[in-house]
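Spelled out from the first residue to the last, the chains are:
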Amino acid sequence: MSQLAARLAQSTLELCRISSPIGHEGPIADHVERWALGRFPREAVSRVGHSLVVGRLDDPRPTVALVGHLDTVPAHPHDGPPRIDGERVFGLGASDMKGGLAVMMALAEDLPLRELPVSLALILYEREEGPYLESGLGPLFDKVPELKRVRFGIAMEPTDGLVQVGCVGTLHATLKFTGRSAHSARPWQGENAIHKAGPLLTELLARQRVEVVHAGFPFFEVMSVTLAHGGRARNVVPDTLELNLNYRFAPGKSLEQAQEDVRALVAGRAELTFTDLSPSGRVCADNPLYQRLLAATGLPAASKQAWTDVARFGEWGVDAVNYGPGETAQAHQANESAPIPALAVAYEKLAAFLKGTG
């Protein structure tokens, strides 16, 4: 293991040892703030709640932002302790995305920031793993509006070492089917709300993913029921059933269009309420800094078949992509881990890009 890889592994392990499930990001935000204030002038560190911006945003050079969330999903009951085992770091958030945070912080420590062709900023924020409207990025951009002048952002989500462009949008909707209670020995005296959902569920079972090619990249539109609640007792015909429908839709489709797709599927068969709406992310293939990222690193580009804050940045007019050292298959898993060699690769690739070398 190289010295760089070992250093990044230790930094990732240190971050994993700081518990930061969504809603409890205070300790890790304090840790990052102490780190930043020990290395940067006070005026280059801004904190809003448990979110931070590190770097000057008034530099005449184009600003590139490395972006990472501080929170994780809640811990799994059978997670082992954070540790290094062989060539992997184990710990909640190792791939999603404390390994990425470690790389961000190391780059800010090591690079000659005043000599770079770009101005480097770090954006570290709370509450990414929750509803769209509760993310810490919104208040951060409200309090630090200069962030909207960032020329290019790199969200360091796990991407398996690829540059992933754009992202699918996502919405959640509650479908409420209504029937009439009865004794289950005499179901004809009632109307079974769960049975009423059968035709729609059968349609979803048969529904194939829909490939949409946008800006030359394939994205897949999918609809899935992810939660179901209904019934009062084993011997009572249920009078209500509520389903959570999650729709993932391709870039280029508006939230309004996505909602119309769901309305067309439901076709009046259930009461429909939209509960969480997140736009898709723009594919910024025409951004010169994106093109330079690919040229300097030799990394392949692919579509992002998930939602990330690339979409939120796009809503504010900031082009961004996803690139990070973590593994997508490890995100949100029990005993989460990240590959140590990939930490060093991500550091070296981003250093080459930021220094303007190929």
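Residues numbered from 1 in each chain as written. Predicted model: local features only at pLDDT ≥ 70, side-chain atom pairs only at ≥ 80, totals over all residues. Heavy atoms only, no water.

S.K.: Any chance you could explain the environment of Ala 306 here in plain terms?
M.R.: Tracing the chain through its elements places Ala 306 in the loop between strand 16 (301–303) and helix 9 (310–315). When the C-alpha atoms of Ala 306 and Gly 169 are compared, they prove to be 7.7 Å apart, with 137 residues separating the residues in sequence. Look past the residues within four positions of Ala 306 in its chain and what remains in contact with it is Cys 167, Val 168 and Arg 248. (Helix = DSSP H or I, 4+ residues; strand = E, 2+ residues; numbered from the N terminus. Contact = heavy atoms within 4.5 Å.)

S.K.: Would you take a moment to explain unusual backbone geometry for this structure?
M.R.: Leaving glycine aside, a negative phi is the common case for residues, and trans is the common case for peptide bonds. Put simply, Asp 96 and Met 97 share a cis peptide bond, and its omega is 0 degrees. We note that Asp 160 has phi near 60 degrees; this positive angle belongs to a residue other than glycine. Turning to its location among the elements, Asp 160 is positioned in the loop between strand 7 (152–155) and strand 8 (163–165). Of note, the phi angle at Ala 215 is positive, near 55 degrees, even though the residue is not glycine.

S.K.: Looking at this structure, I do not really get empty space enclosed by the protein. What am I missing?
M.R.: Rolled over the atoms, a probe with the dimensions of a water molecule shows which regions are left empty. Per the stated rule, a full pass over the model turns up one cavity of 30 Å³ or more. Quantified by volume, the largest cavity comes out at close to 30 Å³. Lining the largest cavity are Val 67, Gly 68, His 69, Met 97, Tyr 125, Ala 155, Met 156, Glu 157 and Asp 309. Considering every element that reaches the lining of the largest cavity, the biggest residue donor is strand 3 (residues 63–69), with three residues. Grouping the constituent residues of the lining of the largest cavity by class yields five nonpolar, two polar and two charged. (1 Å grid on protein atoms, 1.4 Å probe; cavity = no way out; pocket = protein on both sides within 12 Å on 5 of 7 lines; lining within 4 Å. Points joined across faces, edges and corners; volume = space filled by probe spheres on them. Nonpolar A, V, L, I, M, F, W, Y, C, P; charged D, E, K, R; others polar.)

S.K.: Help me out: how do you make sense of the packing of helix 1 (residues 3–16) against helix 3 (residues 94–110) in this one?
M.R.: The description of two packed helices rests on the angle between their axes and on the distance between the axes. Between helix 1 and helix 3, the least distance of the axes is 9 Å, while the angle of their chain directions is 125 degrees. Our classification of the angle between helix 1 and helix 3 gives oblique. With respect to the hand of their crossing, helix 1 and helix 3 are arranged in right-handed fashion. The segment helix 1 lies against helix 3, with Arg 7, Leu 8, Ser 11, Thr 12, Leu 15 and Cys 16 engaging Ala 94, Lys 98, Gly 99, Leu 101, Ala 102, Val 103, Met 105, Ala 106, Glu 109 and Asp 110. (Axes fitted to C-alpha atoms, helices over the stretch in contact; angles between N-to-C directions. Parallel < 35°, antiparallel > 145°, perpendicular 65-115°, else oblique. Left-handed = near helix turned anticlockwise from the far one by under 90°.)

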